[in-house]
Amino acid sequence: MRVILHAGVHKTGTTTLQQALHRNRRALRPHLRQIARSRLIPAGRTARAWSAGRDPLEMALFRYELAEVMQDWDSADPRPIVASCEDLVGNMPGRHGVESYAAAAPLMQAIAETLQELHPEARPEFYFSTRAPEDWLASVHAQHLAAMRMTLSAEDFAARYRAAANLDAVVDDIAAALAPLPVHRAALEQSRDRPLGPLDPLLDLLDLPATLRAGLQPQPPANTAPPADCSAELLALNRSDLDDAALRTAKHKLLAGPG
């Protein structure tokens, strides 16, 4: 049973990839088994919690939530399994005191071990999308502006988290921890201009008919950063003395736009 797990990382086209998989699910169904991202949300939640606190209980819960998803996989089905959830690598740097993706490698090891315990015959592979450091830092900062009370400027954020932005080093660490299991990667800068965008490098790992791939529907970029002027307003709101409820309301109104 071949299992390909796309576990992030954040802000590298992951949402676009997931939406493209979902959009083309009927065409792909004869050739692969998709595990909906919604099924992996509980595991992702515990992965984020463990990355922030390293509580052994959270790791145990992570393995439990993984097992809840994996236990019913039919090893007799010849179609490979494809699953995508960026939160499996833990919190995005800048959230809940997390400074880097140092949690990613042990979390991937836990995934591989849980799968092996449940399905000894499984052949897991891991795929990661990456992004150039400056673009990634800008995208993560913009995400934090909207999602939390981020008060650092883009420049200050980049200076603080620059070490975390070396995503190829993150994947190198994961590959070393998982060896000899296959670990694949592709940069968003190359994949975004392909016919199916970030989905194409993942499909390259599968032996799909060329006619099928040619007929798949592209997905526009999703979860993109707000315009620069909107980001500046979000930063000002985060630095204001608004209470949390008022801040959420103001952000929602700003992000919703006119109308």
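In what follows, the structure referred to is the one given above.
Residues numbered from 1 in each chain as written. Predicted model: local features only at pLDDT ≥ 70, side-chain atom pairs only at ≥ 80, totals over all residues. Heavy atoms only, no water.

*Asks:* Which residues make up the overall build of the protein, and what values do they have?
*Replies:* Counting secondary structure elements, the protein contains 13 helices and 5 strands. Each principal axis of the C-alpha distribution contributes one length, and for the protein these read about 60 × 45 × 30 Å. Within the protein, the fraction of its 259 residues that count as buried is 47%. Contacts in the protein between residues at least 24 apart in sequence constitute 77% of all its contacts with a sequence separation of at least 6. Carbon together with sulfur atoms contributes 53% to the accessible area of the protein, which is approximately 12500 Å² in total. Distance between charge centroids for the protein: 5 Å, based on 28 positive and 31 negative side chains. (Helix = DSSP H or I, 4+ residues; strand = E, 2+ residues; numbered from the N terminus. Buried < 20%, exposed > 50% of the residue type's maximum accessible area, 1.4 Å probe, protein only. Contact = heavy atoms within 4.5 Å. Areas by Shrake-Rupley, 256 points an atom, 1.4 Å probe, with all protein chains shown as cover. Lys, Arg positive; Asp, Glu negative; His and termini not counted. Charge placed at Lys NZ, Arg CZ, Asp CG, Glu CD.)

*Asks:* I'd like a rundown of the sheet that holds strand β4 (residues 123-130), residues and numbers included.
*Replies:* One open sheet accounts for 5 strands, arranged β2-β3-β1-β4-β5; its pairing is parallel. Since the sheet does not close on itself, it has two edges, and those belong to β2 (33-35) and β5 (183-187), each with one partner. When strand polarity is set aside, the average angle formed by the axes of neighbouring strands in this sheet is 20°. In the sheet, strand β1 (residues 2-6) pairs with strand β3 (residues 81-84) via 4 bridges, with the strands oriented parallel. When the bridges of β3 are listed, V3 appears paired with I81. Taken strand by strand, helix α1 (residues 14-23) contacts β1, β2, β3 and β4, and its axis lies near 140° from that of β3. (Pairing = 2+ DSSP bridges. Axes fitted to C-alpha atoms, helices over the stretch in contact; angles between N-to-C directions.)

*Asks:* With reference to specific residues and values, describe helix α13 (residues 244-256).
*Replies:* The terminal C-alpha atoms of α13 lie 18 Å apart, and with 13 residues this matches the ideal 18 Å at 1.5 Å per residue to within 8%. Residue G257 follows α13 closely and has a positive phi angle near 80°. (Expected span 1.5 Å × (residues − 1).)

*Asks:* Hey, could you go over the side chain of K11 for me, with residue numbers and the actual values?
*Replies:* Mapping K11 onto the fold places it in the loop between β1 and α1. Buried within the structure, K11 lacks any salt-bridge partner; its nearest side chain of opposite charge belongs to E86, at an N-O separation of 8.2 Å. Here the side chain of K11 touches Q143 through a polar contact of 3.2 Å, side chain to side chain. Contact partners of K11, with chain neighbours within four places excluded, come to M92, R131, W136, S139, V140, Q143 and N223. (Salt bridge = Lys/Arg side-chain N within 4 Å of Asp/Glu carboxyl O. Polar contact = N/O pair within 3.5 Å; in protein donor to acceptor, adjacent residues only side chain to side chain.)

*Asks:* With reference to specific residues and values, describe the pattern of salt bridges.
*Replies:* Scanning the model with the defined rule gives 16 salt bridges in all. Ionic pairing is found between D200 and R194, a salt bridge with its closest N-O pair at 4.0 Å. Classification of D200 as buried rests on a relative accessible area of 4%. On the basis of relative accessible area, R194 is assigned to the partly exposed category, the value being 30%. One network of salt bridges, in which partners are shared, links R37, R48, E86 and D87.

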